[in-house]
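# Architecture and fold: a report
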Amino acid sequence: MNIAVVGTGHVGLITCVTMAEKGHRVIGTDVDPDKLQRLNAGEAPFYEPDLQETLTRELSKGSVRFVADMAEAVGDAAVVFICVGTPQRATGEANLAAVEESVSRAARHAPSGTVIAEKSTVPAGTARRLREVVKRSRPDPDVTIEIASNPEFLREGRAMADARKPDRILVGTDTEAARQTMRDVYEPWTAAGCPLVETGIDTAELAKHACNAFLALKISFANALARICERAGADVTAIADVMGMDERIGRAFLNAGLGFGGSCFPKDLKAFDRLAAELGYEFPLLREVQRINDEAVDATFRKVAEALWNLEGKKVALLGLAFKPGTDDVRFAPPLALARRLVDAGAAVSGYDPEAGGPALREVPELEIAADPYECAAGADCVVACTEWDEIARIDLVRLGKAMAVPILVDARNLFDGTSALDAGFTYYPTGRPAPVIA
Ligand code: UDX
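What comes next is a walk through the structure. (Residues numbered from 1 in each chain as written. Predicted model: local features only at pLDDT ≥ 70, side-chain atom pairs only at ≥ 80, totals over all residues. Heavy atoms only, no water.)

## Comments concerning the nonpolar core
Ranked by size, the top nonpolar core spans 52 residues in total, and within it Val304, Leu318, Leu342, Val384, Leu397, Leu400 and Phe426 carry the most contacts. Of all elements in the fold, only helix H13 (284-308), strand E9 (315-319), helix H14 (334-344), strand E10 (348-352), helix H16 (373-377), strand E12 (382-385), helix H18 (397-403) and strand E13 (408-411) reach the threshold of two or more residues within this core. With sequence-adjacent residues up to four places away left out, Val304 is seen in contact with Leu311, Val316, Leu342, Cys382, Val384 and Val410. Judged by nonpolar contacts, the second largest core, of 35 residues, contains Met19, Cys83, Ala148 and Ala163. (Core = buried A, V, L, I, M, F, W, Y, C linked by side-chain atoms within 4.5 Å. Buried < 20%, exposed > 50% of the residue type's maximum accessible area, 1.4 Å probe, protein only. Helix = DSSP H or I, 4+ residues; strand = E, 2+ residues; numbered from the N terminus. Contact = heavy atoms within 4.5 Å.)

Right, dumping it as structure tokens:
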């Protein structure tokens, strides 16, 4: 089938190449001509495992190409996927101007029968608006252009794997014709056993918010539990394991630590909260999830302050700056929130991250970025393990401790075994579980 993808960011580009490798003919378009040029030259503009290889392969097969002209991109398309950004406004709601503009331009040039499918995360009710946009942009009564909602659930760092083999494909439509077109697009996936869930459009839009908010809720539950465990002398990891053995709960997303960040959870929580309020329902639980998340950074800051007393003139080393391992993304990254708190309190802050050093420095210019964890810890009064990279979990603690002025380790992600930390000479502060005592 002929597929058009509007927006070649994280979601759009992954959609382009995975649709192409499943046998569709894909044209991607974007408002950034430089990006299109680089894409046509075979250069992936961001890192995701196997993205570069797949882009190179599908370009050489001619199954995907990138054009600036919307008319050319959507002229033969059976489905146009809208994958443009929905940044957050100061008020918390999603800014849908790019979505409106893209749909309006696509509708002017798409053939009759095309389905315009939103993949961008949009609040419930957006499709109703988009239908009006389509009608205004293409008033021709003989032309039918359908709207569908097809939210993505891609995780950064695993986006190609998630797109190739999603837990489920969710398609919201209001007409049988649109439903059938979307079934045809996803036939290569459903034939391989991937479940396709078909709902109305409002339900699909809301389901995306519900999934992200619930995952964030699980993390905040674990973090609130960590605060209680720290007071009660209990072990949050053991409790999460016990909870996880109940198949109604599940173990995933119950790791207490420095909290969630990234481009989705913080933004989606706010947008969902705004949406609920607009619909006349107060949903303070969502705000509480964010508050507990902020508290996780605060609790770690207080551990450092408790260990070092005065922070002025002290050096704190942060191991891990990305919002999670496997990415250089620092958007809403809790380690950077911690870095800012420490800088404001007068500490000198060094940081190391296998991928995110450069982006972190652009966000927090006071950071001193190190080339490796040991350089980062050199002369430090305290080191904080902030992101759960394997490389950080496998650090040689004895070497790390020897590089420091004072061997204090705040383990904000519970990466280390407390006994090994003590054996390496550290004063050790875990998260939500008791520090082991020397027998
Ligand atoms: C998330 C959703 O998983 C994805 O389905 C959606 O489409 C976009 O948002 P992503 O932002 O890539 O994906 O990150 P994810 O892997 O879900 O992790 C989110 C954050 O939660 C990270 O900061 C991670 O460190 C944190 N986290 C995760 C915890 O603090 N504890 C956990 O137990 C799990």
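## A short note on the pattern of salt bridges
The final tally for this structure, using the stated rule, is 31 salt bridges. A salt bridge links Glu282 to Arg287; its shortest N-O distance comes to 3.0 Å. Look at Arg287 and you get partly exposed, because its relative accessible area is 40%. Close ionic contact of Arg341 with Asp298 constitutes a salt bridge, the shortest N to O distance being 2.8 Å. One end of the pair, Arg341, is in helix H14; the other, Asp298, is in helix H13, with 43 residues separating them in the sequence. When its relative accessible area of 33% is taken as the criterion, Arg341 is described as partly exposed. Given a relative accessible area of 22%, Asp298 falls into the partly exposed group. One continuous salt-bridge network, built from bridges that share partners, spans Glu21, Asp50, Arg57, Glu58, Lys61 and Arg164. (Salt bridge = Lys/Arg side-chain N within 4 Å of Asp/Glu carboxyl O.)

Read these as geometric descriptors, not functional statements.
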